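# What the coordinates show
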Amino acid sequence: MTPDDKKWMRRALKLAEKAQQQNEVPVGAIIVHNNEVIGEGFNQPVTNNDPSAHAEMQAIRAACIHSNNYRLPNTTLYVTLEPCVMCAGAIIHSRIERVVYAAKEPKAGAAGSGYNLLNDNKLNHNVNCEQGPLSEQSSQLLRQFFIARR
């Protein structure tokens, strides 16, 4: 963990709250390069009628546009929920160096909980991945969202 991890995760959590306000699963993500946010996003698959509009995908798209490059070396992705397989694929292809996530996703997580795609030795890029700060706050936000939906 770095001293700034909590600060960046707080920003991602605010984006998750924005997703919740739009009746989307509350997940937020930001991408940081040289201590600057170069991309951010929150879940919008329902709003956009797009199953790929996860927070990570939105942040990756924004960061690639900002960088004018489809590769994002030397970046860190902060996300409030462990990435799924789809997002892990995009993380690998974009060459993000590090992923810090808050809440684990035991069923569909691809950073070690359900699957370990981000560190699969068969792939040509591995990602430094760790569970970071604000895990309980992120988990609570997700729990409250799904309780309200039931």
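These remarks concern the structure in this document. Computed from a predicted model, the values in this text were never measured in an experiment.

What counts and how
Residues numbered from 1 in each chain as written. Predicted model: local features only at pLDDT ≥ 70, side-chain atom pairs only at ≥ 80, totals over all residues. Heavy atoms only, no water. Helix = DSSP H or I, 4+ residues; strand = E, 2+ residues; numbered from the N terminus. Expected span 1.5 Å × (residues − 1). Buried < 20%, exposed > 50% of the residue type's maximum accessible area, 1.4 Å probe, protein only. Arc of directions from axis to C-beta. Contact = heavy atoms within 4.5 Å. 1 Å grid on protein atoms, 1.4 Å probe; cavity = no way out; pocket = protein on both sides within 12 Å on 5 of 7 lines; lining within 4 Å. Points joined across faces, edges and corners; volume = space filled by probe spheres on them. Nonpolar A, V, L, I, M, F, W, Y, C, P; charged D, E, K, R; others polar. Axes fitted to C-alpha atoms, helices over the stretch in contact; angles between N-to-C directions. Parallel < 35°, antiparallel > 145°, perpendicular 65-115°, else oblique. Left-handed = near helix turned anticlockwise from the far one by under 90°. Phe/Tyr/Trp six-rings, centres within 6.5 Å; stacked < 30°, edge-to-face > 60°. Lys NZ or Arg CZ within 6 Å of the ring centre and 35° of its normal.

Here helix H1 (residues 5–21) contains 17 residues, and its C-alpha end-to-end distance of 25 Å stays within 8% of the 24 Å for a straight helix at 1.5 Å per residue. Within H1 the residues assigned to the buried category are Asp5, Trp8, Met9, Ala12, Leu13, Leu15, Ala16 and Ala19. Within H1, the buried residues cover an arc of 160° as seen down the axis, which keeps them to one side. In H1, the exposed residues that point more than 90 degrees away from the buried face are Lys14 and Gln21. If you follow the buried residues of H1, they end up packed against strand S1 (28–33), strand S2 (36–42), strand S3 (76–81), strand S4 (98–103) and helix H5 (135–149). Downstream of H1 by a residue or two, Asn23 has a phi angle that is positive, lying close to 60°.

Within the secondary structure, Cys64 sits in helix H3 (residues 55–67). Those residues in contact with Cys64 that lie beyond four places of it in its chain are Asn69, Tyr70 and Leu72.

Considering only enclosed or pocket space, the largest pocket measures out at about 490 Å³ in volume. Lining the largest pocket are 24 residues; nearest its centre among them are Val25, Leu81, Glu105, Leu142 and Phe146. Elements with a minimum of two residues in the lining of the largest pocket: helix H2 (45–48), H3 and H5. A breakdown of the residues in the lining of the largest pocket according to their chemical character gives 13 nonpolar, four polar and seven charged.

Where H3 contacts helix H4 (residues 85–94), the two axes come as close as 9 Å, and the packing angle between them is 25°. For the element pair H3 / H4, the angle class is roughly parallel. Helix-helix and strand crossings are classified by hand; for H3 and H4 the assignment is left-handed. Contacts between H3 and H4 involve Glu56, Met57 and Ile60 from the former and Met86, Cys87, Ala90, Ile91 and Ser94 from the latter. A breakdown of the residues in the contact of H3 with H4 according to their chemical character gives six nonpolar, one polar and one charged.

Here the focus is the packing of aromatic side chains. Evaluated as defined, the whole model comprises one aromatic pair. Here the aromatic rings of Phe145 and Phe146 are separated by 5.1 Å at their centres, their planes lie at 80°, and the arrangement is edge-to-face. For Phe146, a relative accessible area of 34% puts it in the partly exposed group. The side chain of Lys7 reaches across the aromatic face of Trp8, ending 4.2 Å from its centre.

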